[in-house]
Amino acid sequence: MIDRRQFLARSTALASLATASPATASPRAMARARDDEPKQALVAITLDLEMSRQYPTRDQLHWDYEKGNLDQDTKRYALEAARRVSDRGGTIHFFALGRTMEQDDVSWLGQIAEAGHPIGNHTYDHVNVLATEHEAIQFRFRRAPWLIEGRSVEEVLRENIRLADRALRTRLGIGVAGFRTPGGFPDGIGQRADIQQMLMDQGYRWVSSKYPAHPSSTPGTPPDDALLDAIVAAQAEAQPFRYPSGLIEVPMSPISDVGAFRTGRWPLEAFLESIRRCVSRAIDRGAVFDFLAHPSCLLVEDPEFRSIDLICDLVHRAKDRAAIVDLEAIARRVPQ
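Calculation notes
- Per chain, the residues get numbers from 1 upward, laid out in the order the sequence is written.
- Given that this is a predicted model, residues contribute local features only at a pLDDT of at least 70 and side-chain atom pairs are listed and counted only at 80 or more, while totals for whole chains, interfaces and linings are drawn from all residues.
- In computing side-chain values, all of the structure's heavy atoms are included and hydrogens and water are not.
- Pairing of aromatic rings covers Phe, Tyr and Trp, the last through its six-membered ring, and needs centres within 6.5 Å; plane angles under 30 degrees mean stacked, over 60 mean edge-to-face, and all others mean tilted.
- Cation placement over rings: the criterion is NZ of Lys or CZ of Arg within 6 Å of the ring centroid and within 35° of the ring normal.
- Helical segments are the DSSP runs of H or I of at least four residues, strand segments are the runs of E of at least two, and each set is numbered from the N terminus.
- Note on exposure labels: buried denotes an accessible area under 20% of the residue type's maximum, exposed denotes more than 50%, and partly exposed covers the range between, all computed with a 1.4 Å probe on protein chains only.
- A side-chain nitrogen of Lys or Arg and a carboxyl oxygen of Asp or Glu constitute a salt bridge if their distance falls within 4 Å.
- Here, two residues are considered to be in contact whenever any of their heavy atoms come within 4.5 Å of each other.
- Counted as a polar contact is a pair of N or O atoms within 3.5 Å, where, for protein atoms, one must be capable of donating a hydrogen and the other of accepting one, and residues adjacent in sequence contribute only when both atoms are in side chains.

## Things to note about the packing of aromatic side chains
As enumerated under the stated definition, the model contains 7 aromatic pairs in all. Joined through ring pairs, the aromatic side chains of Phe-261, Phe-271 and Phe-291 make up one cluster. Across from the ring centre of Tyr-65, 3.5 Å away, lies the NZ or CZ of Arg-143, which sits over that ring.

## What about unusual backbone geometry?
Going from Tyr-55 to Pro-56, the amide bond is cis rather than trans, its omega being 5°. By secondary structure assignment, the location of Pro-56 is in the loop between strand S1 (41-49) and helix H3 (72-87). Pro-254 connects to Ile-255 through a cis peptide bond whose omega is 0°. Its identity is not glycine, yet Thr-123 carries a phi of approximately 75°, on the positive side. In this structure, Thr-123 sits in the loop between strand S3 (119-121) and helix H5 (139-143). You will see that Lys-319, though not glycine, has its phi angle at about 55°, which is positive. In this fold, Lys-319 is placed in the loop between helix H12 (306-318) and strand S9 (322-324). Overall, the relative accessible area of 66% leaves Lys-319 in the exposed class.

## Digging into the pattern of salt bridges
Evaluated as defined, the whole model comprises 24 salt bridges. Measuring nitrogen to oxygen at the nearest pair gives 3.2 Å for the salt bridge that ties Glu-80 to Arg-84. With Glu-80 and Arg-84 both in helix H3 and 4 residues apart, the pair spans about one turn of that helix. Looking at Glu-80, the relative accessible area reads 21%, which means it is partly exposed. Taken together, the salt bridges that share partners define one network made up of Glu-80, Arg-83, Arg-84, Asp-87 and Asp-309.

## Topic: the environment of Arg-277
In this fold, Arg-277 is placed in helix H10 (residues 268-285). Spatially, the C-alpha atoms of Arg-277 and Leu-228 are 8.0 Å apart, while their sequence positions differ by 49 residues. For Arg-277, the residues in contact, after removing those within four places along its chain, are Asp-225, Leu-228, Asp-229 and Val-232.

## Section: the side chain of His-126
Relative to the elements of secondary structure, His-126 occurs in the loop between S3 and H5. Residue class for His-126 comes out buried when judged on its relative accessible area of 16%. A distance of 3.1 Å separates a polar atom in the side chain of His-126 from a polar atom in the side chain of Glu-50. Apart from residues no more than four positions distant in its own chain, His-126 is found in contact with Glu-50, Lys-67, Leu-97, Ile-137, Gln-138, Asn-160 and Pro-182.

Dropping the structure here:
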């Protein structure tokens, strides 16, 4: 929010520039005045299209081995989410696994793309891009190591990313919109210049890999105000930036649906309150908020789409102070 002192200072600076001649209004002064102008909050709704362990029931663990084998309920939820946000004038940025493209019918995802929602690369098998040993790449390869036999970890990761891109382009006929790592990391891929280069070599200019660290509650205990405030504070670490390599990072914003529901066992109302506070912060500060969720989780925990509707409502009420955008638009905000 802008207080009276900031308002008067800004007005004086702008008035001085308006009356200054080109010779007296330096480029630096003009840029400083532009930087002082309030920015529009950029709010993204991002959905990772994968099956989630312990969903739809807590005893289901086999999805770790077939993350891309989406069930019909997950597909229906994704389609309806896309429709609802489209009707509000926004977009959802989806991330898909290459292995999903092996399913017989992918027309539902084609419908999402045709409606204008971008679809990014989430690797072929939901691999851990920070893996340094074969056993850490993916559960599937731990069970069936012959699938990656004779290849280095770097070769497996590179091929998994390339194949997902190829699968999406072949089955859907679309351009792939960015890359998100399976899992989020407190430092993103900041310590892995090799992975940054791997992505840039394959044509990616931005990545979504950072999920800032934040405190959590005891499972089954609803978050108190102190915890919710800490999650709001963590949004400062979820703003986009550029790695020294030139690759742009577009972080995920806490708390994710999996973090709240599967790990924390939160009630839906607590999750909604966290969203309300975090999106409101972004709007007040002209910042970025990247909602991270999974249809396979939300269809159980939020079957009426209250999370997505709430985000749309908050942005709508903010009028021109906020917009629902995709991650490409957020990446464009990062200066050269």
